[in-house]
Amino acid sequence: MNLNTDSNHKERVDGVGIYIHIPFCKQACFYCDFHFSTSLKKKDELIDALIVELELRKSEFENDTVATIYFGGGTPSLLSLEEIETILKAVYDNYSVIENPEITLEANPDDLSETKILELAKSNINRLSIGVQSFFEADLKLMNRAHNATEAKHCLELATQYFDNISVDLIYGIPGATHEQWQENIQTVLDFNIPHISSYALTVEPKTALATLIKKGKIEDVDEVHAEAQFHMLINQLKEAGFIHYELSNFSKPGYFSINNSAYWKGKKYIGIGPSAHSFSGESRSWNISNNSKYIQAIQLKTLPSEIEILSVNDKYNEYVMTGLRTIWGVSLETIVAVFGSDFKTYILAQADKYLNEELLYIEDNNLKVTTKGKFLSDGIASQLFKI
Ligand SMILES: C[S@@+](CC[C@H](N)C(=O)[O-])C[C@H]1O[C@@H](n2cnc3c(N)ncnc32)[C@H](O)[C@@H]1O
Ligand SMILES: C[S@@+](CC[C@H](N)C(=O)[O-])C[C@H]1O[C@@H](n2cnc3c(N)ncnc32)[C@H](O)[C@@H]1O
Ligand code: SF4
């Protein structure tokens, strides 16, 4: 059964996507290993380079129509409206874009003043993805977020007056945060009538400040059992509130599925513009260099600073299994046969047998899916179904 009942959404997800990486942040969150610089010195040069990269790569989408444009980061809300519009103009000048594309801006609460929200509301941006993470001061301090709890609430109060399509990011499994506080965080987002939530378990990435602070005993280690319990609270609380759990970390009211993310998960093509951005052509994946200066230098010479990996049949199968198991659409056994052949179906069913017996996986309408019990383990289960 396809739970994605919004026909407009289905139609629009048929287009391709453009992701634009804005590699600047005010300060470094202790847990984050995404690519960003806290110095804005190269901002103007970088914006010029993004525009040149958009021009250089237009032939990749010669026969495609863009349905979603996503400003991610880093912190795209650090840009002025003028800067955002200059980049958007380069998209429109070089690509064919559907009439009403989804245009998302990732925004941090401390950037969302009323003036800024008003400006954004008048622009072509029609979706805000706001990185709240928590409404508790202790959590925000522990993670070194740039905003405080008052700002987190105030920005939602303002944003909901001018935007309908809003997503809020929340982090669970934060050391010291109780289950009651976590439930209060979810409830606060619900009270603002937000239609989309992305929620991630706090992950200790190697070489981050969080990893060092935990090693030194300054911050308590994350507790997997605690995090898993909070993940299930999230699932239950949002289900009760009428949300669809459409991907492992994403929950949406009907009609508000992220077109950008759904396109990724459905294996649509996308190009990633900017340092560290990755792209998917259907046959290959590529990654731009992360270093801002090296990225700018290469683009100024009209070369693409990227590495490319051609995907083998097994790579494509593995990716399909990994992303499929994360979504409500599951892994279609029909698609497995049609795209990879019946040997792959025999293989996946043999590998899945153990998990089917343990009720971590189930089959519905010829689609292999994870049960609620299996959800927290989804990526681990997927890796056991891989072909190496
Ligand atoms: C890379 S940020 C970019 C958007 C924006 N700067 C923000 O902080 O929301 C996108 C999301 O990834 C989450 N994230 C990054 N590293 C993480 C980690 N180690 N554990 C959990 N969530 C993480 C962030 O908290 C945020 O919600
Ligand atoms: C998937 S997005 C979060 C989704 C978001 N909360 C929403 O639903 O709108 C999380 C982060 O992934 C990274 N990201 C997404 N697409 C990317 C791409 N093509 N290249 C590089 N980074 C990407 C960005 O750092 C972005 O902040
Ligand atoms: S979580 Fe967001 S604001 Fe924090 S450092 Fe990472 S990209 Fe920047």
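The structure this text deals with has already been given above.
Below you will find a few notes about this structure. Being a predicted model, the structure only gives us computed values, none of them experimental.

## Comments concerning the sheet that holds strand β14 (residues 361–364)
Judged by pairing direction, the sheet is antiparallel, and its 3 strands sit side by side in the order β13-β15-β14 without closing on themselves. Edge positions in the open sheet fall to β13 (331–332) and β14, since each of these has one partner strand only. As paired elements, β14 and strand β15 (residues 367–370) share 4 bridges and run antiparallel to each other. Directly across from Ile363, in β15, lies its bridge partner Leu368. Where helix α14 (residues 342–357) meets the sheet, its contacts fall on β13, β14 and β15, and the angle it forms with β14 comes to roughly 120°.

## Brief notes about the pattern of salt bridges
In the structure shown here, the tally under the stated rule is 12 salt bridges. For the salt bridge of Arg57 with Glu53, the shortest nitrogen-to-oxygen distance reads 2.8 Å. By relative accessible area, which is 4% here, Arg57 ends up buried. For the salt bridge of Glu247 with Arg326, the shortest nitrogen-to-oxygen distance reads 2.8 Å. Taken together, the residues span a long stretch of sequence, with Glu247 in strand β7 (residues 244–247) and Arg326 in helix α12 (residues 313–326) at a distance of 79 residues. Accessibility assignment for this pair places Glu247 and Arg326 in one class, buried.

## Here's the deal with the site of ligand 2
Taken together, 19 residues lie around ligand 2, and Gly73, Glu106, Arg127, Asp169 and Tyr264 are the ones closest in. Here an oxygen atom of ligand 2 and a backbone polar atom of Gly73 are 2.6 Å apart. Asn261 is positioned such that a nitrogen or oxygen atom in its side chain is 3.0 Å from an oxygen atom of ligand 2. Compared with its free state, where it exposes 580 Å², ligand 2 has 88% of that area covered by protein. Of all the secondary structure elements, the ones that give two or more residues to the shell around ligand 2 are β2 (65–73), β4 (127–133), β5 (166–172), β6 (196–201) and α10 (259–265). For the shell around ligand 2, the leading source of residues is β6, giving 3 residues.

## Focus: the site of ligand 3
Near ligand 3 you find Cys25, Gln27, Cys29, Tyr31, Cys32, Phe36, Gly74, Thr75, Asn108 and Arg145, and these make up its full shell. Taken together, the residues of the shell around ligand 3 break down into 5 nonpolar, 4 polar and 1 charged.

About the cut-offs
- Residues numbered from 1 in each chain as written.
- Chains lettered and ligands numbered in written order.
- Predicted model: local features only at pLDDT ≥ 70, side-chain atom pairs only at ≥ 80, totals over all residues.
- Heavy atoms only, no water.
- Pairing = 2+ DSSP bridges.
- Helix = DSSP H or I, 4+ residues; strand = E, 2+ residues; numbered from the N terminus.
- Contact = heavy atoms within 4.5 Å.
- Axes fitted to C-alpha atoms, helices over the stretch in contact; angles between N-to-C directions.
- Salt bridge = Lys/Arg side-chain N within 4 Å of Asp/Glu carboxyl O.
- Buried < 20%, exposed > 50% of the residue type's maximum accessible area, 1.4 Å probe, protein only.
- Near = heavy atom within 4 Å.
- Polar contact = N/O pair within 3.5 Å; in protein donor to acceptor, adjacent residues only side chain to side chain.
- Areas by Shrake-Rupley, 256 points an atom, 1.4 Å probe, with all protein chains shown as cover.
- Nonpolar A, V, L, I, M, F, W, Y, C, P; charged D, E, K, R; others polar.

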